[in-house]
Structures are given as C-alpha cells and as structure tokens.
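# Inside the fold
So you can see what is in the structure, the chains are spelled out below.
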Amino acid sequence: MTVRHFSIGGMSCAGCVAGVEKALKSVDGVVASAVNFAEHTAEVEGSFSSAALIKAVVDAGYEAALLQSEEDTAEKEAAEFQYYRSLLKKAFVAALIGVPLFIFGMSGMLPDLNNAQGQIVWFFIGFATAFVIWFSGAHFYTGAWKAFKNHNANMDTLIALGTGTAWIFSMVITINPELVPSLARHAYFEAAAIIIALINFGSALEMRARGKTSEAIKRLIGLQPKTARVVRNGKEIDVVINQVGLNETVRVRPGEKVPLDGVIIDGHSLVDESMLTGEPLAVEKNTGDGVIGGTINKSGSFLFQTKRIGNETALAQIIALVRKAQNSKPAIGKLADKISAVFVPIVLIIAVITFLLWFNLAEEMPVSYALVTMMTVLIIACPCALGLATPISIMVGVGKAAEFGVLIRNGEALQTAGKLNAVVLDKTGTITKGQPSVTSVITYGEWQEKAILMLAASIEKGSEHPLAEAIVSAATAQNIALADSQNFQAVAGHGVLADIDAHHVLLGNAALMKKNNIAFEQAQTDARRLAEQAQTPMYLAVDKQLAGIIAVADPIKEDSVQAINALHKLGIKVVMLTGDNKHTAEAVAKQLSIDEYFAEVLPEDKEQKVALLQAQGKVVGMVGDGINDAPALARADVGFAIGTGTDVAIESADVTLMRGSLLGVVDAIAISKATVRNIKQNLFGAFVYNSLGIPIAAGILFPLMGILLNPMIAGAAMAMSSVTVVSNANRLRWFRSSGAEK
Amino acid sequence: MTLAVNLLAVVLIVAIIWWFWLSTATARSMGSNRLIEIQVENGVYSPARIEVPLKQPFTLRFIRKDASPCAEKVFFEGLDKSLLLPLEEPAEIELSLSTAGEYAFSCEMKMYQGSLLAKEII
C-alpha cells in the first residue's frame, strides 16, 4: 500500500472536486483519496497504477500528473558508502589475523602440529580464525545456505565451501593429527582468513569502480533543480519542485536552471540546452516557445507556464529511457548468461573430480593435495566476472551516449548499430536544415515575377510543407497580397492545383506538368541548370500554359559534410533519399560525396528503398524525422530519429538524436563499436580467466612443471577478476564525441 | 578407505546434479490479490520460485535488503523487462504471461536466481 500525490488541472470550482474524486475512486486498487481544491492536488492511497489513475482523471475532463518525489541520490550514495566501509572493515579484520599468521608460518615461527603444545596453540589460532569467519564472512555462509535451500548455488557457495573446507580440515588435524600422514599435517587457517579478507576487499574495490559506471545517470538526475520560483497570488515564492503543479506560472532569472517543462508566457532569453541535446550553441527563446526542465537560462528573465511535471518532463523521460536501455541485454551476452546460470554447480563437480584425481593419483600426501586443490578450484572460479561482462559495459556505453544527446532504446540497438554498413539519410531536415527559401524565380511569356509568386503563394498558403512555407515567406517578404484559392487539390509526390481569380493554377514537378499535358520543354534547360546548383525547381502553369519556375533551396547543415566523411571513414555506404528531381539530388549528392541517391522518392516508398538495400545484404541504418519516416525507421536494422530539442517520445526509433545533427549518428555508431569491443574484451577475459584458472587451480601444471597454485593467490585472482571487468567497462567513460573533435 | 572416499565423491556428484538441476524448490502461490512480496537478501530471492496465474496481470513487489550492487537490478529473461531495486524500499513490477512455462529472473551477475511458474490457476 502506497500513498502518491498528483497535481490536478482543470478544476474551476469546488464542485469539480467531487468529479475528480469519483474518477480517482473508480480506479482498481484505490483505497482512499483526498482532493485539495486550493492546492489543486490529490492524495491517493492504495495499490494502483499511476497511469490508470491519470487516464481516469483525464477521461473525466481534467488534467493529472504524478507529483514525483525527487530522487534522493545522496541517500543512495550514503547507503553505498556505508556498505563500502563495512566491506573494508571486514577485509581489515580478516587480514589482521590472516596476514600475521601467514608471515609467521612462512618464517617458521609457528609451532609444529606434531606435539601437544603446538596443538594447543593451533587450537587457539583455529578459534581466532573462526571469529574472523563469523565477523567478516558470515554473509557468505548465510547466502550459501539460503541459496542451497532454494536449490541454487552462487558465488557465496564457492567461497563458503572453499574457506569452510580449509577451516574444518585444519581443525580436524589440529584435534587429531594422526588422521593424516605427518608430512601432510599443515593447517590452513590463515588461508581461510586471507581469502575472506581478499574477497571482501575485492568487493569493496568493485563497488567503488561501479559507482563510476553510473555517473551519466547521476549527472542527468543532478540536472533537476530542487526548487522553482512560482508566482502564487501575485507573489513569487520558492517552492519545492515536487510541489509545483500543472499550469503554474514560474519565474526563471538569468543564470538559473529552468525547473520544469513549459511554455514562455512573458519575456525572452537564450537557453543553454547542451546538457540534454549536446547542442553547444544556446537557443533563443521567445514568448510561445517551449522550455525544458534542467536547461540553463543564460541571459534574460522570463515567466513560463508549466506543462509537464514529475514523470512527464523531458528530463524524467530521458532518465527513464536511459535506465531502461542500461538494464537491457543484447544478444552478445546471452551465451555468458546461459553459462553463468549453471556455472557454480559445474565448478562444484569439477572440485569433487579434482579431489578424486589427487586422492587416487598423488604419490605422497594425497589427502592434503586433494583438499588444497579442491579448495583452490572452489576459490578461483568466478561466475561474477562472466555475468557482469555485458551489463556493466552496456551501462557505461548507453550512459555515455546520452551525454552526447544520443538516446539508445536498448542493448540490442546498441549492438546492431556497430554492424551497420549502409546508412540511409532522408534529405530534408536530416542533411539539410529543413528551412528552404526561394532562391530563383524565372518567368515565361508575359508573366511578371510578382504575379508568379502571388499565384504560387496563394495556392500554398494553407500548406505546412516546407517548400510551400518558403514560397509564402518569399511573397510575404515582398508585401504581395495573397488571393483565395478554390478547388484545392494536393497530388502526393507531384504538387498542388487550385483555381485562383478564375485561373486554373498548377504548381509542382515535371510529372505534374506531364500528367496535365502542359508544354514545358522550353523551361527544362533552366530547370536542369537550377537543379545542378542543388535548387529544387517547381513549375507553375496557369490555364494550361507554363508561366514560370520557382526554385527553392534548403541549406545544408554545417556539419553534414563532416558527418558523412566520418561515416565513410567508418566504412559505411551513405545513401540519400529525396523527393527532389534527380538533377537536384545528383547535385546535392556530389556536393556531399554521397555514394548513392534515390530521387523523386514518394514518402510511402522510403521503406521499400531500405528493404532494397537489406535485400542486397546490407545492414541498414535509416535516419529520419521519426514521424513521416516511421515505416522506414521501423524497417531499418537501426532507426535513427532526429529529434527536435528533446522530443524523446519517438517510438519508432531505436536511437533518438536529440541534437539535430548527423554527427549524432556517427557518435551512436562509434559508441556502439566501442561498447561491443569492450563487452568482447570482458567476455574474453572472463572466459579465459575461468578456463585457464580452474585447470591450473586443479593442479594441471603440477605433473609438468611441479607448480601448484596457492589458494590465497586464487583468492586474490578471484577478487580482482570482477574489479578488472568493471574497470575495463569504465574505460568507455573516456569516449569522445565526433562533435568534440570538430 | 579409498573405495569409501571414491564412492562418497561419486554420490556427492550425483547429489549436486540432482539437487541443483533435476530437483526444484516448491513454488509459492500468490494470494487472491495477485501480489507477492519478494525479499532480496543474503544472495537469494525469498520466495525464489513463484506460481503465477496465466494470462492475468500480477504484481511482484521486491524489497531489497542487500546493499551489494549485485542485488540492485532484477532481469526477467525472455520478457525484456528489468527493474531497479532501491535499498530498503518496495519496488513493484506488473507482469502478465500469455504462455505457460517457467520464466527465470535474476540479478545481473546471475547470483540471485528465481523463477515464475506460469500456469492456469483454477
């Protein structure tokens, strides 16, 4: 049973309270609810889904958002530090007994077990190490026993059996040395203590190293301001962030962080969004523009109205997306997962077989050799390194990508991005800025430039197509009055037609002219010339006669050339899709060194072009805006959506690029390659460690070279194996963005 | 003596195979509210094997008491789901399984292991 608080919007009178309460109580699992009209909040108790509750309120005609309590990373860090300290303390106490015993033993200062006095000393040493095992290693024994009861075996099982065997054998021969031959009378109390010290110390180091793996998510959480300056009853007051509701007015002063998502209602400023989008230049914001929580107001003071709070803010969604991706596993880790699941029982069997081999084959002291090798096998085996190899690298890689404004949806997308050998780019808005402008107007017959622009702008004024907006802007700039159009018709992939001032007007490409039997041969040379200059020519026909050409050009983004060159360096074929005619497409392709292009592609055909490349054996990445290109993005092996600002809710994309730059694709592919390489290093290391370490511990080198591994060295190796894996993953933190190299 | 030790070792190997691979823990049933609380402590999920209703949503509430980072996440294999477990705080996940069978869940190192036994519950 939990209590959650919600901000309720749209309540205009006290009577609305009953409506909201009714909606709240209709949700399964809600036990009690209380709506506060003055604060526009609701307190709800029970076991229910927040999403279902918000839906119920919205269905009732109001707005609702979860007032999420701020994530307390400080508390988590304090708990982790306490655990780290406790591990170090346990390691220190165990070493305090184990190390002197080891030194005295090596220097022959400890008494012999073959006499009564020696037995008494060893008996006390046994008790001292029993205390160490209880104080520093009890958690291994409890874990092993509980796992055993659940028909499970884990790392605790191996440590408990290894150190337990050492202690029991040592105590048995201390009490009754006659049980083994005199040469085999050696107690291993110090080994048990030192192994426990080493494993605890290794866990502490691993914990320290792990803290660094989650730096990216901590940085994102740290972006969230703790308070907001809210205007209530005409006064500006500081309010804790989780108490700010929907549609509240918030003041942001220069240098302050924008506390939540909303829309500017008064004032203007430059806002630094680099921490979320990776875009280094501050963005100008005016009244009506959206602002995002966590970004920094650089210059002016402004008021904005909150539109998204709690879990709904872009920052909260980015954190959720990054966390989800960090917790997903790609196919590369599946084999290690399967081995990890059966690893410990297999090691137990190998340990028993090792015991048997030495017991039956050793020419002298078979019991001692059998016990020591069995113990060493148990201690050296490390299932953790194997299990940790993939997720720890994914955690760092996905977090690092987020720092560059690259949101990777899951581990699978991260793995596949590194295998891409073809990238398809949608031209408009991806390679170009998506803000075309009129660059040339050519007239034919008696038509004047202004008249041509007036007709073209009049026909296009209702359209949201970027080319249409360019024509309307050009007409507006020349103060041309627009006329009303009738019988408007849009022909997908061709153009538009309508009646204006008793004229039948057509505006579009060559296909539209041909379809309507317009003679336009005389204009084709002009059109080709314009196209070769990377301009998109559109023919205008009036009453079945060609009247002119309007050419529009969409400027190429400054870093598109750099990104395409970088993709080439990675050995990736770059393909461009465009609705432009082939001359314009060819000109753009030539200018940017694009390997292949498809011109005059209709929106619905983009998916087919991706499929065509896949049929040629290519692993294809598709880069588009995420809305018009959704089918092509879904078809591609990896779909990259270029977001606008922090438009993170692009469901069809595997990767969302919050910075509107193609360099994000290069970053995503480079991070993917680096992460997969890192995972392979970790897996290789973990497999090699276990497949070499276990036979060596079993004594495979003894018949050949007379070498037998000391169980304490095995303990040190085991303790360091996980630390090595985590430290190797941490190297990914030094990955640099391709934008940073600019 | 040698024969006895050898026999004992063989019995031990058979016992390991039987206990860890061929035999399973008894599955704990859920209550009528289709919610079960799982303690995450000392290297084990308690309960570790849970009987869940087929084709009906159910909730797993994890309470993590182990501060070790290994216990921080739980992965549900084959379901592409995972859950972050804050220390000493309940963390819930709602699941629904459409196919009968056993679904494993574990920590990232596979040291904590559990399973959901999805079956028609009459």
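Predicted model only: the values in this text are computed from it and were never measured.

### Concerning the interface of chain B and chain A
Counting from both sides, the interface comprises 36 residues of chain B and, opposite them, 47 residues of chain A. It is Phe20(B), Met109(B) and Met111(B) that lose the most area in chain B upon contact with chain A, and together they represent 17% of the buried surface on that side. Applying the counting criterion to the chain B and chain A interface returns one salt bridge. For Glu108(B), the salt bridge goes to Arg210(A), with nearest N and O atoms at 2.8 Å. Summed over the shared surface of chain B and chain A, the result is six residue pairs in polar contact (both at pLDDT 80 or more).

### Describing the packing of aromatic side chains
Taken as a whole and assessed by the stated rule, the structure comprises 25 aromatic pairs over all chains. On the numbers, 5.8 Å between centres and 10° between planes, the contact of Phe355(A) with Phe359(A) is stacked. Separated by four residues within a single helix, Phe355(A) and Phe359(A) lie in helix H10 (residues 334–361), roughly one turn from each other. By the burial criterion, Phe355(A) is buried, and Phe359(A) matches it. With a centroid separation of 5.6 Å and 35° between ring planes, the pair formed by Phe76(B) and Phe105(B) is classed as tilted. In this pair, Phe76(B) sits in strand S6 (residues 73–76) while Phe105(B) sits in strand S9 (residues 101–106), placing the two residues 29 residues apart along the sequence. Under the relative-accessibility criterion, Phe76(B) is labelled buried at 3%. Taking relative accessible area as the criterion, Phe105(B) reaches 1% and is therefore assigned buried. Site record: aromatic cluster; members linked through ring pairs are Trp145(A), Phe148(A), Trp18(B), Trp19(B) and Phe20(B).

### Re unusual backbone geometry
The omega torsion of the bond from Ser46(B) to Pro47(B) falls at -5°, within 30 degrees of zero and hence cis. Along the polypeptide, Pro47(B) turns up in the loop between strand S3 (44–46) and strand S4 (49–53). A positive phi angle, close to 45°, is found at Met365(A), a residue other than glycine. The phi dihedral of Asn517(A) falls on the positive side, at around 55°, and the residue is not glycine. Overall, the relative accessible area of 66% leaves Asn517(A) in the exposed class.

### Observations regarding the packing of H10(A) against helix H23 (residues 663–698) of chain A
Residues and elements named next belong to chain A. Relative to each other, H10 and H23 sit at 10°, their axes nearing to 10 Å. One element, H10, and the other, H23, form an angle in the roughly parallel class. Here H10 contributes Leu335, Ala336, Ile339, Phe343, Val347, Ile350, Thr354 and Trp358 to the contact with H23, which in turn contributes Leu683, Phe687, Asn690, Ile694 and Ala698. Considering only residue class, the contact of H10 with H23 consists of 11 nonpolar, two polar and no charged.

### Brief notes about the sheet that holds strand S10 (residues 283–285) of chain A
All names here are of chain A. Pairing is antiparallel in the open sheet, where three strands are placed in the order S10-S9-S12. Single-partner strands in this sheet number two, and they are S10 and strand S12 (296–297). Bridge analysis of strand S9 (residues 269–272) against S10 gives three bridges, and the strand direction is antiparallel. By the bridge assignment for S10, Leu270 is matched with Glu284.

### Some thoughts on the packing of helix H9 (residues 314–326) of chain A against helix H12 (residues 383–403) of chain A
Residues and elements named next belong to chain A. The interhelical angle for the contact between H9 and H12, taken along N-to-C directions, is 155°, at an axis separation of 8 Å. Viewed along their axes, H9 and H12 adopt a mutual orientation that is roughly antiparallel. As H9 packs across H12, the resulting crossing turns out to be right-handed. Between H9 and H12, the contacting residues are Val322, Ala325 and Gln326 on the first element and Pro391, Ile394, Met395, Val398, Gly399 and Ala402 on the second.

What counts, and where the lines are drawn
- Residues numbered from 1 in each chain as written.
- Chains lettered and ligands numbered in written order.
- Predicted model: local features only at pLDDT ≥ 70, side-chain atom pairs only at ≥ 80, totals over all residues.
- Heavy atoms only, no water.
- Contact = heavy atoms within 4.5 Å.
- Buried area = accessible area lost by both parts, 1.4 Å probe.
- Salt bridge = Lys/Arg side-chain N within 4 Å of Asp/Glu carboxyl O.
- Polar contact = N/O pair within 3.5 Å; in protein donor to acceptor, adjacent residues only side chain to side chain.
- Phe/Tyr/Trp six-rings, centres within 6.5 Å; stacked < 30°, edge-to-face > 60°.
- Helix = DSSP H or I, 4+ residues; strand = E, 2+ residues; numbered from the N terminus.
- Buried < 20%, exposed > 50% of the residue type's maximum accessible area, 1.4 Å probe, protein only.
- Axes fitted to C-alpha atoms, helices over the stretch in contact; angles between N-to-C directions.
- Parallel < 35°, antiparallel > 145°, perpendicular 65-115°, else oblique.
- Nonpolar A, V, L, I, M, F, W, Y, C, P; charged D, E, K, R; others polar.
- Pairing = 2+ DSSP bridges.
- Left-handed = near helix turned anticlockwise from the far one by under 90°.

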